[in-house]
Amino acid sequence: MRLRLADADEAVADVRSGSSVLVGGFGLAGQPVELIDALLRTDADDLTIISNNAGNGDTGLALLIAHDRVRKVICSFPRQVDSWHFDAAFRDGRLELEVVPQGTLAERIRAGGAGIGGFFTPTAYGTPLADGKEVRVIDGRGHVFETPIRADAAMIKAHLGDLAGNLVYRKTTRNFGPIMATAAETTIVQVSKVLPVGSLDPEMVVTPGIYTDVIVESA
Amino acid sequence: MRLRLADADEAVADVRSGSSVLVGGFGLAGQPVELIDALLRTDADDLTIISNNAGNGDTGLALLIAHDRVRKVICSFPRQVDSWHFDAAFRDGRLELEVVPQGTLAERIRAGGAGIGGFFTPTAYGTPLADGKEVRVIDGRGHVFETPIRADAAMIKAHLGDLAGNLVYRKTTRNFGPIMATAAETTIVQVSKVLPVGSLDPEMVVTPGIYTDVIVESA
Amino acid sequence: MKPTLDREALARLVAGDIPHGSYVNLGIGQPTQISDFLSPELQITLHTENGMLGMGPAATAEEIDPDLINAGKVAVTELPGAAYFHQADSFAIMRGGHLDIAVMGALQVSAGGDLANWHTGEPDAIPAVGGAMDLAVGARQTWVMMTLFTRSGKPKIVPQCSYPLTGEYCVTRVYSDHAVLLINDGVVTVRELFGISHAELESRLHGVRLSPAARHGRNA
Amino acid sequence: MKPTLDREALARLVAGDIPHGSYVNLGIGQPTQISDFLSPELQITLHTENGMLGMGPAATAEEIDPDLINAGKVAVTELPGAAYFHQADSFAIMRGGHLDIAVMGALQVSAGGDLANWHTGEPDAIPAVGGAMDLAVGARQTWVMMTLFTRSGKPKIVPQCSYPLTGEYCVTRVYSDHAVLLINDGVVTVRELFGISHAELESRLHGVRLSPAARHGRNA
């Protein structure tokens, strides 16, 4: 119940240069565009962005990269048909890239939020993405050791929120929101509507309010 | 969609002697009593039961233990005011016991269902429950290595199910059901009502039908 | 000298120290009683490890629903803004450091903040740990609520725990009938005394070095 | 000799081989087309790794909802019985061995079933892996759908992959324009040929040992 209601600019004001930021969304679905736009209006740079993709077209994350605000991207799928800003920054050497398999990215973020110190996964065993990582054969199968991801801030988009910070999502926009909300010092959520406490069925809540720090209504 | 509708006796017929069985519930809340009663009517013994508790009073799990059908219990909290059947069997040496912290039990079951080979957790570090286990200091904090739990069968209780196997739970009966459903060769679910496909809001489904093998309606 | 605290007064004292807006887990037994003294204006949200945030008071007659229980398996109620989740998610809340405070009972607490509360270590005891170890490592602060001495008069604050540990270096405060003690980096500071003098406390807690009462108020 | 398969015929062939009631993930690109040939009576449930089971066909004009997309970021529809979940839960379904079949494209498949489909290994290529590695290790069966030769005529079935791997020993079948091949413990069995003779196939897949067509039917 320490939820803070804010507009987008107030909400992102605490994201400082050098911060790590989890950014929700799979492509544009679930991408917190209003929050990213607000972050663009600050002077925070040297950011580490953890997100599934590295921006699409000339909006959101792509602009953050285009404006050289990002030092490093940790993601599973940077290269897309419309990722020209990422592509250019990467080829120019203006950007560091860590490619992580999508499921491992999700699991590392979950581990960060769940207080797990690290885990062994079969994903990427025997591939270049396991290079330099600890490996272990468990029950006859090769596994790679992966470490948790936590960040200074998470910026996510949900559908509805209540004044206790409980969140529900809409269709495939749910993607990274629920796990990113758990893995940041400050979780900033953009919702289409903020409802009174008691408006959401407790059986339907996907992200309990304990994870939500700042909420921005953006219809 | 390979869901099998069955009565309780048909549902548990494949649980053989020597099987490992995940049993849902926290105390009586969410305990699949009809399925356990049906299992009592079979001749399966030498069972390994993985469950948070080890039976209450003279019903369900407690009876399974009373009738010497259980070789080993893996649980977090066997001793309760009404766990006399467990207490007697344990003191007589008729039962092997593995005590696991409740959160580690949950996480090991989740790991089993999620294809994780093992994980490091700070829980139990420096305590007798870490004896003999691999430990590792991660970011200055002691962690214990824990392995996934999978079982031959899971017996759980949900509130409503549909003919695609999707499940929703009711209040605190949700407890171990959603994770146990993921970690068994065969997941057997007792629900109060089976609904036509399309009756459950896809945003509300807690256990997707892919995890449900056999469903038993038990009003 | 203030009188010794009874269980109710102790529960009231702990309740008054929980900051506004906290997320709290109250352990089985004595700590459960704290909830009776949490005023709604404090907007404190209770977590129960069997899968709920926003737990309300114990259910009375017609409210009792066997599907809605707390970690002590007592029927409880649901407050507006509640949420249900499964066990892996519930313990992710604990272990992930998202709870502000856990209040638990104890058999022993060491001067370094080690907690022993799950096992007497007797060979014929049946071990049962539940969520205690996860709470001990996970909550940002672990407070203990207990009597300061056993029935036979032995201190429960000890230089080193003789009982099997629940967690290392986790207890930050002890609320007891005789004293409120703050534990920080191996230093035990006396915040308040009830029915016992500092000198007597020191002599009865042999081997535990006590710092004098902190000057900077109750919420230090 | 049967004629070479075009993409549509290939998609139809794969669709017909998916057993009744299967849970299937269709990779980005060519495999997506398989869904056009899955009849509802087969009760096949499609998983999309961005967080859904029960995915329906691509959305048409008025159905398009930017909040409902597939892994290729194409607007799709929801079938009755669908369920949504977050990314960690979605990949638990994959990595945990709960999907019956994943169908993916490939750059190369080795005779031992290794899959290479995410990276050409060229120094200036931008790597992007998405969910391919998780699918490769997780699905009970990994089927590959591709042309058997590159545009320049090089075979994509090779003794050892020269491209960086996606996963080891994971591919069990290859559906291509020229042949359906079954891979099992390092043995490549020819199930069907299209527009190519066994002898010609053998000579063009130099270094890959082919077993003759299996006798025991299509679903071997």
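One can find the structure itself at the top, above this paragraph.
Residues numbered from 1 in each chain as written. Chains lettered and ligands numbered in written order. Predicted model: local features only at pLDDT ≥ 70, side-chain atom pairs only at ≥ 80, totals over all residues. Heavy atoms only, no water.

1. Observations concerning the pattern of salt bridges
Residue and element names in this part refer to chain A. Per the counting criterion, the structure on display carries 52 salt bridges over all chains. Linking E98 and R108 is a salt bridge whose minimum nitrogen-to-oxygen distance equals 3.1 Å. Of the two residues, E98 sits in strand β5 (residues 96-99) while R108 sits in helix α5 (residues 102-114), which places them 10 residues apart along the sequence. The class of R108 is buried, set by a relative accessible area of 7%. One salt bridge connects E185 with R150, and the closest N-O pair in it is separated by 3.1 Å. Here the residue E185 occupies a position in strand β12 (residues 184-191), and R150 occupies one in the loop between β8 (141-146) and β9 (151-157), the gap between them amounting to 35 residues. Here E185 falls in the exposed class, since its relative accessible area comes to 54%. Within this structure, D46, R71, K72, E96, E98 and R108 form a network of salt bridges that share partners. (Salt bridge = Lys/Arg side-chain N within 4 Å of Asp/Glu carboxyl O. Helix = DSSP H or I, 4+ residues; strand = E, 2+ residues; numbered from the N terminus. Buried < 20%, exposed > 50% of the residue type's maximum accessible area, 1.4 Å probe, protein only.)

2. Points about the relation of the copies chain A and chain B
When chain A is brought onto chain B, the operation consists of a screw motion whose angular component is 180° and whose axial shift is 0.0 Å, with 0.0 Å RMSD remaining. Classification of the inter-copy transformation places it as that of a two-fold axis. Across chain A, the smallest distance between a C-alpha and the rotation axis is recorded for F119 of chain A, namely 2.1 Å. Taken as a fraction of all interface residues of chain A, those also at the interface in chain B reach 100%, which identifies the copy contact as same-surface. (Least-squares fit on C-alpha atoms with pLDDT ≥ 70 in both. Contact = heavy atoms within 4.5 Å.)

3. What about the interface of chain A and chain B?
On the chain B side, the residues contacting the 22 residues of chain A number 22 residues. Its largest share of buried area at the contact with chain B, chain A owes to R110, E203 and M204 of chain A, together 30% of the area lost on that side. Applying the counting rule to chain A against chain B returns six salt bridges. Viewed at the interface, chain B and chain A are joined by 12 residue pairs in polar contact (both at pLDDT 80 or more). Residue assignment for the side of chain A that touches chain B shows that the elements contributing at least two residues are α5, β6 (118-121), β7 (135-138) and β8 of chain A. (Buried area = accessible area lost by both parts, 1.4 Å probe. Polar contact = N/O pair within 3.5 Å; in protein donor to acceptor, adjacent residues only side chain to side chain.)

4. Re the interface of chain A and chain D
Tallying the contact residues gives 42 residues for chain A and 35 residues for chain D. Together, the buried faces of chain A and chain D total about 3300 Å²; carbon and sulfur atoms form 62% of this surface. The largest per-residue losses of area from chain A upon contact with chain D belong to F26, K171 and T172 of chain A, which jointly make up 20% of the total buried on that side. The interface formed by chain A and chain D includes four salt bridges. A salt bridge links E78 of chain D to K171 of chain A; its shortest N-O distance comes to 2.8 Å. The tally of links from chain A across to chain D stands at 18 residue pairs in polar contact (both at pLDDT 80 or more). Contributing elements (two or more residues each) for the side of chain A that touches chain D: α4 (84-91), β5, α5 and α6 (177-180) of chain A. For the side of chain A that touches chain D, the leading source of residues is α5 of chain A, giving six residues.

5. What to know about the sheet that holds strand β6 (residues 118-121) of chain B
Taken in spatial order, the six strands make up an open sheet running β7(A)-β8(A)-β6(A)-β6(B)-β8(B)-β7(B), and their pairing is antiparallel. Because the sheet does not close on itself, it has two edges, and the strands there are β7 of chain A together with β7 (135-138) of chain B. For this sheet the average axis-to-axis angle between neighbouring strands, irrespective of direction, equals 30°. Sheet strands touched by α5 of chain A: β6 and β8 of chain A. Its angle to β6 of chain A, the strand with the most contacts, is close to 155°. (Pairing = 2+ DSSP bridges. Axes fitted to C-alpha atoms, helices over the stretch in contact; angles between N-to-C directions.)

6. A few points about the pairing of strand β12 (residues 184-191) of chain B
All names here are of chain B. Of all eight residues in β12, six are buried; the element is thus mostly enclosed. Inspection of the sheet shows strand β9 (residues 151-157) paired to β12 by six bridges, in the parallel sense. Among the inter-strand pairings, A154 is bridged to a residue of β12, identified as T187.

7. Side note on the pairing of β9 of chain B
Residues and elements named next belong to chain B. Across the seven residues of β9, five count as buried, placing the element largely inside the fold. Here strand β2 (residues 20-23) pairs with β9 via three bridges, running parallel. Bridging across to β9, V23 finds its partner in M155.

8. Quick look at the packing of aromatic side chains
Enumeration according to the criterion identifies eight aromatic pairs over all chains in this entry. Geometrically, the ring pair formed by F145 of chain A and F120 of chain B is edge-to-face, given 5.7 Å between the ring centres and 85° between the ring planes. With F145 of chain A in strand β8 and F120 of chain B in strand β6, this residue pair bridges two chains. Of the two residues, F145 of chain A and F120 of chain B, both sit in the buried class. Considering the side-chain rings of F86 of chain B and F90 of chain B, the 5.6 Å spacing of their centres and the 15° angle between planes classify their relative orientation as stacked. Note that F86 of chain B and F90 of chain B are positioned in helix α4 (residues 84-91) at a spacing of four residues, about one turn of the helix. Judged by relative accessible area, F86 of chain B falls into the buried class, the value being 1%. Given a relative accessible area of 24%, F90 of chain B falls into the partly exposed group. Members of the aromatic cluster, joined through ring pairs, are F120 and F145 of chain A together with F120 and F145 of chain B. Between R136 of chain B and the ring centre of F145 of chain A, over which it is positioned, the NZ or CZ distance is 5.0 Å. One cation-aromatic arrangement involves K73 of chain D over F26 of chain A; the distance from NZ or CZ to the ring centre is 4.4 Å. (Phe/Tyr/Trp six-rings, centres within 6.5 Å; stacked < 30°, edge-to-face > 60°. Lys NZ or Arg CZ within 6 Å of the ring centre and 35° of its normal.)

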